[in-house]
Amino acid sequence: MEKPWSGRFKEETDKFVEEFTQSVDFDKKLALYDIIQDIAHVKTLTKAGILTKEEEEKLIDELIKIKGEIERGIFEWKRELEDVHMNIEAELIKRLGDTGKKLHTARSRNDQVATDERLYLKDEIKDIRKLLKELRRTLVVLAEKTVDFIMPAYTHLQRAQPVRVAHYFLAYREIFLKDDERLLDLYRRVDELPLGSGAVAGVDFPLDRFFTAENLGFNRLTRNSIYGTAERDYIAEFLFICALIGQHLSRLAEDLIIWNSEEFNFVELPDKLCTGSSIMPQKKNPDVLELIRGKTGRLYGNLISLLTVLKALPMAYNRDMQEDKEPLFDSAENLKGMIKGMTLVLEGIRIKEHTMKKASGNLLLITDVANYLVEKGVPFRSAHRIAGSIVAYLLEKGKRLEDMTLEEFKSFSEKFDRDIYEILSPERSTERKRVYGGTSREEIIKQLEAAKREEGL
């Protein structure tokens, strides 16, 4: 089959080169965006006087027919035509002859692919933002149900201080909210039209790029033709945000995996989202969470892959940049599945309130004891040392903090009085944290009300 650039060459392209350089196997994912772009380009060519109205109508009619064939899965893709763009153009030429050959006037595949990718990415950002919103709403619903549940917060994977379970879920809601803000900020940079940049230097025809942008739903134009064809930072940034969201999902997944273990027994995962063992009948494995955790590494790899491709590339377009698509598509699809999976897990999870609360007392209250002494006039460092001595005493005696007598307390400091017992419970510990953003019930309710407003609940 004759190549669109065959005029310059005396030899036919080697079959190996056709196979090695083709991208249609994966870039056909951009096909519908390519046709949307083609239609907008046809209208712009007509406005510039390059096409007649009759030619415009013929081209658009056939493009719409091709679009339908692609959607129904009956369009025949040919590897020897290299990519999605040439496959569609070749079919158009086959159907319309010379009129089809006019489609690529004032355009290069360099600005064409950059436009397709930006159209694709705008939709993916919107879809991921919707999924993140659903995840955040699920976290808010869980938080509302667990305002009065107490759990141990952990630092260094050691029990630290009591918090309300709602506080934990709202913490992740804050994290995913920041991810959404990053995506929204990136969308602004993606929302620039490069079409009209040509191969590198712009085009020789009086195209109204603002008209094209309006037809394609872009708010801005790229201002430099070299930049328009050479820049892939918006994809790298998207892959970074995907990797970061993956990291956040992996941390939540790891927490839930640990909590679901018999050793913790804080939560129970829904049966329908777990799997069993082929050999051990008792097993109930958190495979969805484990795959969320595992796929995060894949998102990291996609980011590093693209950054490596782009490293030290000379300006402007180079064929290396063909390698931007597979990591882009892979990250977008996997991240969407990861977010959906996490949302389903959280919707079906059962919180074991009694087990969590039981783990929240004793030594987790010792910081409250130190602060109690501070309120009695003891310098904090001295209070910390006294509280530490109490910990050593309790560990030696095998006692719980709540079971200490007043005499035992006084043996460590005369500042202790009967009111020490007023703070020795997980609930009272959380209620002392009334600072803005703290874990007291009053503060949690404020956080919940704000979250519900922001999420439209």
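Note that the structure is a prediction, hence the values are computed from the model and not measured.

Examining the overall build of the protein
Thought 1: From N to C terminus, the protein includes 19 helices and 6 strands.
Thought 2: Taken over C-alpha atoms, the radius of gyration comes to 31 Å for the protein, far larger than the 23 Å a tight globule of 457 residues would show.
Thought 3: Referenced to the eigenvectors of the C-alpha coordinate spread, the extents of the protein come out at roughly 100 × 50 × 40 Å.
Thought 4: Out of the 457 residues belonging to the protein, those deemed buried represent 50%.
Thought 5: By sequence separation, contacts in the protein at least 24 residues apart represent 76% of the contacts at least 6 residues apart.
Thought 6: Total accessible area computed for the protein in this model is approximately 22900 Å², and 52% of it derives from carbon and sulfur atoms.
Thought 7: Distance between charge centroids for the protein: 4 Å, based on 74 positive and 81 negative side chains.

Some remarks on helix 9 (residues 209–216)
Thought 1: Among the residues of helix 9, R209, T212, A213 and L216 are the ones counted as buried. Along the axis of helix 9, the buried residues cluster in a sector spanning 100°; they form a single face. Away from its buried face by more than 90 degrees, helix 9 exposes F210 and E214.
Thought 2: Where helix 9 is buried, its residues contact helix 3 (31–47), helix 7 (109–145), strand 3 (192–193) and strand 4 (220–221).
Thought 3: Looking one or two places after helix 9, you find G217, whose phi comes out positive at around 80°.

Examining a nonpolar patch on the surface
Thought 1: Where nonpolar side chains cluster on the molecular surface, the patch consists of F16, V17 and F20 and spans about 340 Å² of accessible area.
Thought 2: Take F16: it is sitting in helix 1 (residues 15–21).
Thought 3: Given a relative accessible area of 54%, F16 falls into the exposed group.

Things to note about the pairing of strand 2 (residues 158–164)
Thought 1: Across 5 bridges, the pairing between strand 1 (residues 150–155) and strand 2 is antiparallel. Counterpart to I150 in the pairing with strand 2 is R164.
Thought 2: Counting the residues that bridge the hairpin from strand 1 to strand 2 gives 2 residues, and of these H156 lies at a positive phi of roughly 55°.

Thoughts on the side chain of N318
Thought 1: With respect to the element layout, N318 can be found in the loop between helix 12 (287–310) and helix 13 (325–348).
Thought 2: A distance of 3.0 Å separates a polar atom in the side chain of N318 from the backbone oxygen of A316.

Some details on the packing of helix 15 (residues 366–375) against helix 16 (residues 380–397)
Thought 1: Axis separation between helix 15 and helix 16 bottoms out at 8 Å; the angle between their running directions is 140°. Between helix 15 and helix 16, the angle falls in the class oblique. Considering how the two elements wind past one another, helix 15 and helix 16 form a crossing that is right-handed. Across the interface between the two elements, I366, V369, A370, N371, L373 and V374 of helix 15 pack against F380, A383, H384, I386, A387, I390 and V391 of helix 16.
Thought 2: Its residues placed into classes, the contact of helix 15 with helix 16 shows 11 nonpolar, 2 polar and no charged.

What about the environment of V391?
Thought 1: By the element assignment, V391 lies in helix 16.
Thought 2: Along the sequence, V391 and N362 sit 29 residues apart, while their C-alpha atoms lie 9.6 Å from each other.
Thought 3: In this structure V391 touches L363 and I366, once residues within four positions along its chain are discounted.

Observations concerning the nonpolar core
Thought 1: F238, L249 and M342 are the most contacted members of the largest nonpolar core, which has 79 residues in total.
Thought 2: Top element by residues in this core is helix 11 (residues 233–260). It accounts for 16 residues.
Thought 3: Setting aside chain neighbours within four positions, we find L249 in contact with L135, F176, I292, L335, M338, I339 and M342.
Thought 4: Among the nonpolar cores identified, the runner-up in size contains 20 residues, and A48, L59, I70 and L92 belong to it.

Brief notes about helix 11
Thought 1: Compared with an ideal rise of 1.5 Å per residue, which puts 28 residues at 40 Å, helix 11 spans 40 Å between its outermost C-alpha atoms and is within 8% of the ideal.
Thought 2: Counting buried residues in helix 11 gives 21 out of 28 residues, a clear majority hidden from the surface.

Re the packing of aromatic side chains
Thought 1: Evaluated as defined, the whole model comprises 14 aromatic pairs.
Thought 2: Ring centres of F75 and W77 lie 4.7 Å apart, and the angle between their planes is 65°; on these two criteria the pair is classed as edge-to-face.
Thought 3: Between Y372 and F416, the aromatic rings sit 5.7 Å apart at their centres with planes inclined by 5°, giving stacked as the arrangement. Placement of the pair is Y372 in helix 15 and F416 in the loop between helix 17 (406–410) and helix 18 (426–431), with a sequence separation of 44 residues. Summarising the burial analysis for this pair, Y372 and F416 share the class buried.
Thought 4: Through pairs of rings, three or more aromatic residues link up here, namely Y154, Y168, F169, Y172, F176, W259, F264 and F266.
Thought 5: In this structure, K29 is placed above the aromatic ring of F329, and the distance from its NZ or CZ to the ring centre is 5.9 Å.
Thought 6: Residue placement shows R118 over the ring face of Y234; its charged tip is 4.0 Å from the ring centre.

Details of unusual backbone geometry
Thought 1: A316 follows M315 through a cis peptide bond whose omega is 5°.
Thought 2: Structurally, the position occupied by A316 is in the loop between helix 12 and helix 13.
Thought 3: Phi angles above zero are rare outside glycine, and A106 is one such case at about 60°.
Thought 4: The topology assignment puts A106 in the loop between helix 6 (98–101) and helix 7.
Thought 5: Judged by relative accessible area, which is 9%, A106 ranks as buried.

Reading the values: rules and limits
Residues numbered from 1 in each chain as written. Predicted model: local features only at pLDDT ≥ 70, side-chain atom pairs only at ≥ 80, totals over all residues. Heavy atoms only, no water. Helix = DSSP H or I, 4+ residues; strand = E, 2+ residues; numbered from the N terminus. Rg over C-alpha atoms; globule rule 2.2 N^0.38 Å. Buried < 20%, exposed > 50% of the residue type's maximum accessible area, 1.4 Å probe, protein only. Contact = heavy atoms within 4.5 Å. Areas by Shrake-Rupley, 256 points an atom, 1.4 Å probe, with all protein chains shown as cover. Lys, Arg positive; Asp, Glu negative; His and termini not counted. Charge placed at Lys NZ, Arg CZ, Asp CG, Glu CD. Arc of directions from axis to C-beta. Patch = residues over 30% accessible without salt bridge, like charges linked within 9 Å, V, L, I, M, F, W, Y side chains within 5 Å. Salt bridge = Lys/Arg side-chain N within 4 Å of Asp/Glu carboxyl O. Pairing = 2+ DSSP bridges. Polar contact = N/O pair within 3.5 Å; in protein donor to acceptor, adjacent residues only side chain to side chain. Axes fitted to C-alpha atoms, helices over the stretch in contact; angles between N-to-C directions. Parallel < 35°, antiparallel > 145°, perpendicular 65-115°, else oblique. Left-handed = near helix turned anticlockwise from the far one by under 90°. Nonpolar A, V, L, I, M, F, W, Y, C, P; charged D, E, K, R; others polar. Core = buried A, V, L, I, M, F, W, Y, C linked by side-chain atoms within 4.5 Å. Expected span 1.5 Å × (residues − 1). Phe/Tyr/Trp six-rings, centres within 6.5 Å; stacked < 30°, edge-to-face > 60°. Lys NZ or Arg CZ within 6 Å of the ring centre and 35° of its normal.

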